[in-house]
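Residues per chain, in single letters:
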Amino acid sequence: MKTLAFFLSLARPDRWWLRLGAVLAILTLLAGIGLLSLSGWFITAAAIAGAAGLGRSFNYLFASGGVRGFAMGRTLGRYAERLATHEATFRILARLRLWVFDRAAPLVPAGLGGLRAGDLLSRVTGDVDALDGLYLRLITPALSALFGALAATLVLSLAAPAAILPVIGLFVLSGLVLPLLAAKLGQSAGESVTAAASDTRSEAADLIAGMAELKAYGAETAVLSRLEAASTGWISGQRRLAGLALLNTAVLAFAGPASFVAGFLAAAGSGAPAPLAALAGFIAFGLFEAAAPLVLAGEQYGRTLSAAKRLKALDDMRPAVAEPASPLPLPEAHDVAFDAVGFTYPGGQARPALIDVSFTLPEGGRVALVGASGSGKSSIIRLLMGFYAPDSGTIRLGGADIAALGPSGTRARLSLVDQRADLLSTTVRANLLLARPEATEDQLWQALEQARAADFVRALPDGLTTWIGEEGRLVSGGQARRIALARAFLKDAPVMLLDEPTEGLDSRTEAEFLDALDAWLDADTRRSVLIITHRPALLARAREVLVMDEARIVQTGSADALAAEDGAFNRLFAKQI
Amino acid sequence: MSNPALSREDRRALGALLTGWGQAGRGPSLLASACGIAQYALFIGFAGFAASAIAALVAGEPFVMAALLAALFAFVRAGAQALETRAGFEAAARVKAHVRMETARALAVKGPAFTERLETGAAGSALTDAVEKLEGYFGRYRPLMPVIAGAPILMVAAAFTQSWVVGLLFIITAPLLPLFMAIVGGAAAAASKDQIAVLARLAGRFNDRLQSLALLNAFNAAQREREGLAAASEDFRQRTMKVLRLAFLSSAILEFFAALSVAAIAIYVGFSLLGELPFDAGETVTLREGLFVLILAPEFYMPLRRLSAAYHDRADAEAAADTLRPLLRNVESGAAHPGIGPFDMCPKITLSGVSCTYEDGRKGLKPVTLSIPAGKISVVWGPSGSGKSTLLKILMGFAPLSSGEVRVDGALMTAPLAGRAGWIGQNPRLFHGSLRDNITLHDPSIPGEMIERAVAEAGVADFLVHLSDGLDTPLGERGFGLSGGQIQRVALARALARDMKLVLMDEPSAHLDGEAEARFLDALLSNRDGRTILIATHSPAVRAIADEVFDIAELQAGHEQGGAS
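For clarity, every value in this text was computed on a predicted model and none was experimentally measured.

Peer 1: Explain the overall build of chain B here, please?
Peer 2: Helices and strands together make up the secondary structure of chain B, namely 20 helices and eleven strands. Taken over 565 residues, chain B has a buried fraction of 56%. Excluding contacts between residues fewer than 6 apart, the proportion of contacts in chain B whose partners are at least 24 apart in sequence is 80%. If you sum the accessible surface of chain B, you get close to 23,100 Å²; carbon and sulfur atoms cover 58% of it.

Structure, rendered in structure tokens:
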């Protein structure tokens, strides 16, 4: 409840929309109850008056006016309510997304509590979707059911008090108790459905991504039958869940008419006059219109609550590297120095990622980092970027401790081209502008030229405005990498960090990439580069090579000198050079 | 997502596809419809007895029996309603199971030539999420169609037996409703389909930016992107609300008619009972009859209201069919592989004038002629895009053989070599399951000692000691991850466990660092005896262990000259 209250407080700026929606929902329900019960009362009372020959003196103005008023009120109320609640939902959803974005941004990429950042983010995405319905499907139905029941109680207490217990009792039982009970019973079924669904997903992914191997060994039929078994398991889980929901539906379908009969019998039994007994029955009938959304809300309650809890946990997470309260101004120089840096990844990793690492990347330096995968190369870049903080030792940029400069200050001097050459799923232009939002058209093309990317960007269907990334994927791996390089050039930071930039490129594309990099470096002798690689072609261009093995720098020197020694470098490259 | 602007022709094709799928759940779907009609018939019974009970009370007659009978009808009706829902679920479940497997089998027949061009995530979610989206359509929407036609007729007939005025009111409003709804809904539906696409794009943008936070942070751009997201959400809200104002009108009309007819019936019946009708209806309505039609009225519009609530079920199903259709199209009836097992002796393979053009016109390989010697390691060498991988795929049947011929030990190759040759790709899949499953690929006929030998010879044993449960350690997406080099050794073990005499490798070391590549090649070298090994690569280290190197560019050039002369 506390968690839900927290998310409601997040919606504070839009509270008037929420209140409006809730009030309209209540009015609509009351108009519905009023329409049916007034009609029932009117007909019954009219019959009695007509039979007694009192038709002419019957005051029908109140009844016929009321009936028409309720009919109009109900229609308009429902229409306005749907507009108001949707307006509120969209506003709050936008707020919720931005709230999540703000909380998540400083946590990435370090993540927290042993969760990898990717896991955290994909979970967050699902949870935000689950909270979509919090206001629309949980809060509004609950409020209108509450007020409907109150209004019904009030009218019944005046008209036929004996009917209160059976009508409200049945309503609470079928609209509140049963759904919550079913939600509890459905929890384990729900979990097994989730597990079966992800089994099915895994088999489907195996079939599609592993098709070549499966066909080669004639094993596709085995995976097909595993997929069939997983799919069957999934569907039987859904059947169990549907069975529980079915019970709700059936009880609800019976409870409406049953409470009509019960309300009528209780009122008539207590000696209420016929029109009021009819009124009691029809009130019960009208009230049950509010029960169906309530049942749905009950079914979703658990899922919504656990999503809300997980999202709220974001609030308590602290970033791995905090911005200092008053960061030092950036120094003019940009030489990088690691001094006895030690680091172990958070989350209970036993093995240190870096042990006593010291090196310098002077202005104008060209340093290559080599080593087997897992030896700690990428950790050096992650620490320098301020994604993580070292456990011991210091990292300096232009002589100042980067802890005092703060991550965003430090990053202003660094350009990173990552192993995966991440591109946002948007246009080429927006991807480039990420590095420098104010860049002119000329500067964009100049950076693309420098990265040897201008020709193929020009050939793209919409040039700079072509949509790329996840959804677009109009560019190949090599092209993506050159766009990422152009972006790094555009940023015009003096220190370039490259993490396996030519991985998976053929030698011609690799050579083009390196020429582009060389030209950029030669244009300003103060520019420096730190490059992680295991490709011999890149080593040849480095002035100094650092060899890493098991979290330590074990060899330093030029590639030629290292090749002559008998050490880790030779084990890595013996077969390639 | 689906294309929001589906042409009329596309929609017809999608409709036909959906109808075809519906056959799988025909029985339960019919049962659901029958129960759907029955529950409205039973409701007529409830309304009748409930009205009798009140009328009896007014008349001072015994009313308890009628009230209890009304409750009994309500009870049976609830049962029919439950059965309707249950049968609908069953219909949807059968269709989903059928479509999922039909699509999976179609993919298996189309093979890697087709699947490698799909995004794994998207295709995987087609088999799961898109199939799930069929549920509403087959479980609710379709079974409801006969109910919409049948139930109102029953209720109109019941109303006519009580009061022709009320019956007429039902008859007049019933066809008006769909008409109004169509007029208002038509414009809104088109717009709301666009809206679904916009919503998906907005959610997609949020998710993409959330996943790319590391990149945004690297450029200190998270704050700027946040502002972009806020503006996009605001824009989305405004546009959506404009559409919804129109879209909600169609359900408001339903709502209005339901409320209006209750009000009209109440006023008509009430005035008629008072004897104060301003016109002569030519009938006298009793209290019982009046109450009966009053209870009936809200329910009369219920089927239509249910349909309008299920409207997006159809849109969902069409979107799903649109996603699945390309996966199902042009499936040739999968030619069953002849039951030839792996080679007993390492084969010699001769290709003459072999070329490949894909169905969509892409050139996979220009004609080449070469002879791959038995028992040797041969390397096909060339830059990426030159067709060296395609050459291997043609042999396996993963790419079409457009011209030329392949001979295996001198005999013409009539069926691709899939099932007879080991295959190691650039990024072998680590299937979810145990390490053992990953080596046998669920083939129980591979004897245990063959697995153990393969584990030792492929170098899997080197890291086996680090795995908690040895061969039974779970791997794959939700299990233990292996490094690229380790995965390649598992892939090698797959081939060795079956003692494949022919092994094809497509850039097996493209994603390995120097040391991992060296280890993999060591394992390969110690298993080379008695095997024909063909490797497509641009790695100098792999080239260095080859007995025979075929430069693909030279071969193609040579073939062109040969053809010209």
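Peer 1: Looking at this structure, I do not really get the overall build of chain A. What am I missing?
Peer 2: A count of helices and strands for chain A gives 21 helices and ten strands. For chain A, the C-alpha radius of gyration of 34 Å lies well beyond 25 Å, the compact-globule estimate for 577 residues. For chain A, the residues scored as buried account for 56% of the 577 residues in total. A sequence separation of at least 24 residues applies to 76% of the contacts in chain A between residues at least 6 apart. When the accessible surface of chain A is totalled, it reaches about 23,200 Å², and 58% of it is carbon and sulfur. Averaged over its 53 positive side-chain charges, chain A has a centre that lies 10 Å from the centre of its 54 negative ones.

Peer 1: Would you mind showing me how to read the packing of aromatic side chains here?
Peer 2: Each aromatic ring pair is specified by the distance between its two centres and by the angle formed by the two planes. Applying the stated rule across the entire model yields 23 aromatic pairs over all chains. Ring geometry for Phe42(A) against Phe271(B): centres 6.2 Å apart, planes inclined by 65 degrees, an arrangement best described as edge-to-face. Pair noted here: Phe42(A) is in helix H2 (residues 15–51) and Phe271(B) is in helix H9 (residues 222–274), and the two residues belong to different chains. Side by side, Phe42(A) and Phe271(B) carry an identical accessibility label, which is buried. When the ring of Phe260(A) is compared with that of Phe285(A), the centres are 5.5 Å apart and the planes differ by 70 degrees; the resulting orientation is edge-to-face. Residue Phe260(A) is found in helix H8 (residues 220–269), and its partner Phe285(A) is found in helix H9 (residues 274–287); the two are separated by 25 residues along the sequence. Here the aromatic cluster, defined as three or more aromatic residues joined through ring pairs, consists of Phe260(A), Phe282(A), Phe285(A), Phe43(B) and Phe46(B). The side chain of Arg77(B) reaches across the aromatic face of Tyr40(B), ending 5.7 Å from its centre.

Peer 1: Looking at this structure, I do not really get the domain arrangement of chain B. What am I missing?
Peer 2: Accessible area lost during the coming together of the parts is what is often quoted as the interface size. Residue and element names in this part refer to chain B. Taken as a whole, chain B is organised into domain 1 (8–208 + 241–328) and domain 2 (349–564). Placing the centre of domain 1 and that of domain 2 at their C-alpha centroids yields a distance of 56 Å. Each partner contributes to the interface: domain 1 provides four residues, whereas domain 2 provides four residues. Roughly 410 Å² is buried in total at the junction of domain 1 and domain 2, and carbon and sulfur atoms are behind 48% of that figure. Here domain 1 and domain 2 share zero salt bridges between them.

Peer 1: Honestly, the side chain of Thr28(A) in this entry has me stumped. Any pointers?
Peer 2: Residue and element names in this part refer to chain A. Inspection of the secondary structure assignment puts Thr28 in helix H2. Judged by relative accessible area, which is 1%, Thr28 ranks as buried. In this structure the side chain of Thr28 is engaged in a polar contact, spanning 3.4 Å, whose partner is the backbone oxygen of Gly77. Those residues in contact with Thr28 that lie beyond four places of it in its chain are Arg74, Gly77, Arg78 and Glu81.

Peer 1: Which parts of the structure should I look at to understand the environment of Glu565(A)?
Peer 2: Residues and elements named next belong to chain A. Residue position: Glu565 is located in the loop between helix H20 (559–564) and helix H21 (568–573). For Glu565, a relative accessible area of 38% puts it in the partly exposed group. Along the backbone, Glu565 and Gln555 are ten residues apart, and their C-alpha atoms lie at a distance of 9.6 Å.

Peer 1: Can you walk me through the sheet that holds strand S1 (residues 336–343) of chain A in this structure?
Peer 2: Residue and element names in this part refer to chain A. A sheet is described by the order of its strands in space; here four strands give the open sequence S2-S1-S4-S5, paired in antiparallel fashion. The sheet terminates laterally at strand S2 (354–361) and strand S5 (400–401), the two strands that pair on one side only. The sheet contact formed by S1 and strand S4 (residues 392–397) spans five bridges and is antiparallel. Pairing of Ala337 across the sheet is with Arg396, part of S4.

Peer 1: Would you mind going over helix H10 (residues 287–300) of chain B with me for this structure?
Peer 2: Because each turn of an α-helix spans 3.6 residues, side chains separated by three or four positions in sequence point in the same direction. Residue and element names in this part refer to chain B. Taking 1.5 Å per residue, 14 residues should reach 20 Å; H10 reaches 20 Å between its end C-alpha atoms and fits that length. With respect to burial, H10 is a largely interior element, twelve of its 14 residues being buried. Among the residues of H10, those classed as buried are Leu287, Glu289, Gly290, Leu291, Phe292, Val293, Leu294, Ile295, Leu296, Ala297, Glu299 and Phe300.

Peer 1: Whenever I open this one, the interface of chain A and chain B confuses me. Can you help?
Peer 2: Between chain A and chain B, the contact holds 126 residues from the first and 136 residues from the second. At the boundary of chain A and chain B, one finds nine salt bridges. Between Arg105(B) and Glu228(A) there is a salt bridge; the shortest N-O distance is 3.5 Å. One can count 23 residue pairs in polar contact (both at pLDDT 80 or more) joining chain A with chain B. Element by element, the count of residues in the side of chain A that touches chain B is highest for H8(A), at 24 residues. Taken together, the residues of the side of chain A that touches chain B sort by class into 72 nonpolar, 25 polar and 29 charged.

Peer 1: What exactly am I supposed to notice about the packing of helix H6 (residues 135–162) of chain B against helix H12 (residues 311–328) of chain B here?
Peer 2: For any two helices packed against each other, the geometry comes down to the angle between their axes and how far apart the axes lie. Residues and elements named next belong to chain B. Two elements in contact, H6 and H12, have axes separated by 8 Å at closest approach and are oriented at 140 degrees. Remark: the crossing between H6 and H12 carries left-handed chirality. Mapping the contact onto sequence places Gly136, Tyr137, Arg140 and Tyr141 in H6 and Asp313, Arg314 and Ala317 in H12. By residue class, the composition of the contact of H6 with H12 is three nonpolar, one polar and three charged.

Peer 1: I keep staring at the pairing of strand S4 (residues 403–408) of chain B and nothing clicks. Help me out?
Peer 2: Residues in a regular strand project their side chains so that they alternate between the two faces of the sheet. Residues and elements named next belong to chain B. As judged from the five bridges shared by strand S1 (residues 349–357) and S4, these two strands associate in the antiparallel manner. Looking at S4, one finds that Thr350 is bridged to Arg407. Bridge count between S4 and strand S5 (residues 411–412): two bridges; the pairing is antiparallel. From the neighbouring strand, Val408 faces S5, where its bridge partner is Ala411. Connecting S4 to the antiparallel partner S5 that follows it, the hairpin turn spans two residues, and Asp409 within it adopts a positive phi of roughly 50 degrees.

Peer 1: Looking at this structure, how should I read the domain arrangement of chain A?
Peer 2: Split into domains, chain A comes out as domain 1 (2–314) and domain 2 (336–573). Averaged C-alpha coordinates put domain 1 of chain A and domain 2 of chain A at centres separated by 52 Å.

Peer 1: Please explain the sheet that holds strand S9 (residues 544–549) of chain A as it appears in this structure.
Peer 2: The strands making up a sheet associate through backbone hydrogen bonding, with each pair oriented either parallel or antiparallel. Residues and elements named next belong to chain A. Ordered in space as S6-S7-S8-S3-S9-S10, the six strands form an open sheet in which the pairing is mixed. Looking at the sheet topology across the chains shown, the edges are occupied by strand S6 (414–417) and strand S10 (552–557). The mean inter-strand angle of the sheet, taken between neighbouring strand axes irrespective of direction, is 20 degrees. As paired elements, strand S3 (residues 366–371) and strand S8 (residues 528–532) share four bridges and run parallel to each other. Paired with Val367 across the strands is Leu530, a residue of S8.

Peer 1: When you look at a nonpolar patch on the surface in this model, what are you seeing that I'm missing?
Peer 2: Together, Val172(A), Leu173(A), Leu176(A), Val177(A) and Leu180(A) line one region of the surface with nonpolar side chains, adding up to about 410 Å² of accessible area. Its location among the elements puts Leu180(A) in helix H6 (residues 164–209).

Peer 1: How should I be thinking about the packing of helix H1 (residues 2–10) of chain A against helix H3 (residues 60–104) of chain A in this particular structure?
Peer 2: Residue and element names in this part refer to chain A. Running from N to C, H1 and H3 point in directions that differ by 105 degrees, and their axes come no closer than 10 Å. Between H1 and H3, the angle falls in the class roughly perpendicular. Counted together, Phe6, Phe7 and Leu10 of H1 and Arg95, Leu96 and Trp99 of H3 form the full contact between these two elements. Taken together, the residues of the contact of H1 with H3 break down into five nonpolar, no polar and one charged.

Peer 1: Looking at this model, I keep getting lost on the nonpolar core. Mind explaining?
Peer 2: Where a protein is soluble and globular, its nonpolar side chains tend to be buried together. Core analysis: the biggest nonpolar cluster contains 218 residues, and Trp21(B) and Phe46(B) have the highest contact counts within it. The contact partners of Trp21(B), leaving out residues within four places of it in the chain, are Val95(B), His98(B), Val99(B), Glu102(B), Leu134(B), Phe138(B), Ala321(B), Leu324(B) and Leu328(B).

Peer 1: Got a minute to help me understand unusual backbone geometry in this structure?
Peer 2: Only a minority of non-glycine residues have a phi that is not negative, and only a minority of peptide bonds are not trans. Unusually for a residue other than glycine, Asp356(A) sits at a positive phi of about 45 degrees. The residue Asp356(A) is located in strand S2 in this model. The residue Leu441(B) is not glycine, and still its phi comes out positive at about 50 degrees. When you line up the elements, Leu441(B) lands in the loop between helix H14 (435–440) and helix H15 (448–457).

Conventions and cut-offs
Residues numbered from 1 in each chain as written. Chains lettered and ligands numbered in written order. Predicted model: local features only at pLDDT ≥ 70, side-chain atom pairs only at ≥ 80, totals over all residues. Heavy atoms only, no water. Helix = DSSP H or I, 4+ residues; strand = E, 2+ residues; numbered from the N terminus. Buried < 20%, exposed > 50% of the residue type's maximum accessible area, 1.4 Å probe, protein only. Contact = heavy atoms within 4.5 Å. Areas by Shrake-Rupley, 256 points an atom, 1.4 Å probe, with all protein chains shown as cover. Rg over C-alpha atoms; globule rule 2.2 N^0.38 Å. Lys, Arg positive; Asp, Glu negative; His and termini not counted. Charge placed at Lys NZ, Arg CZ, Asp CG, Glu CD. Phe/Tyr/Trp six-rings, centres within 6.5 Å; stacked < 30°, edge-to-face > 60°. Lys NZ or Arg CZ within 6 Å of the ring centre and 35° of its normal. Domains from an automatic or database assignment. Buried area = accessible area lost by both parts, 1.4 Å probe. Salt bridge = Lys/Arg side-chain N within 4 Å of Asp/Glu carboxyl O. Polar contact = N/O pair within 3.5 Å; in protein donor to acceptor, adjacent residues only side chain to side chain. Pairing = 2+ DSSP bridges. Expected span 1.5 Å × (residues − 1). Nonpolar A, V, L, I, M, F, W, Y, C, P; charged D, E, K, R; others polar. Axes fitted to C-alpha atoms, helices over the stretch in contact; angles between N-to-C directions. Left-handed = near helix turned anticlockwise from the far one by under 90°. Patch = residues over 30% accessible without salt bridge, like charges linked within 9 Å, V, L, I, M, F, W, Y side chains within 5 Å. Parallel < 35°, antiparallel > 145°, perpendicular 65-115°, else oblique. Core = buried A, V, L, I, M, F, W, Y, C linked by side-chain atoms within 4.5 Å.

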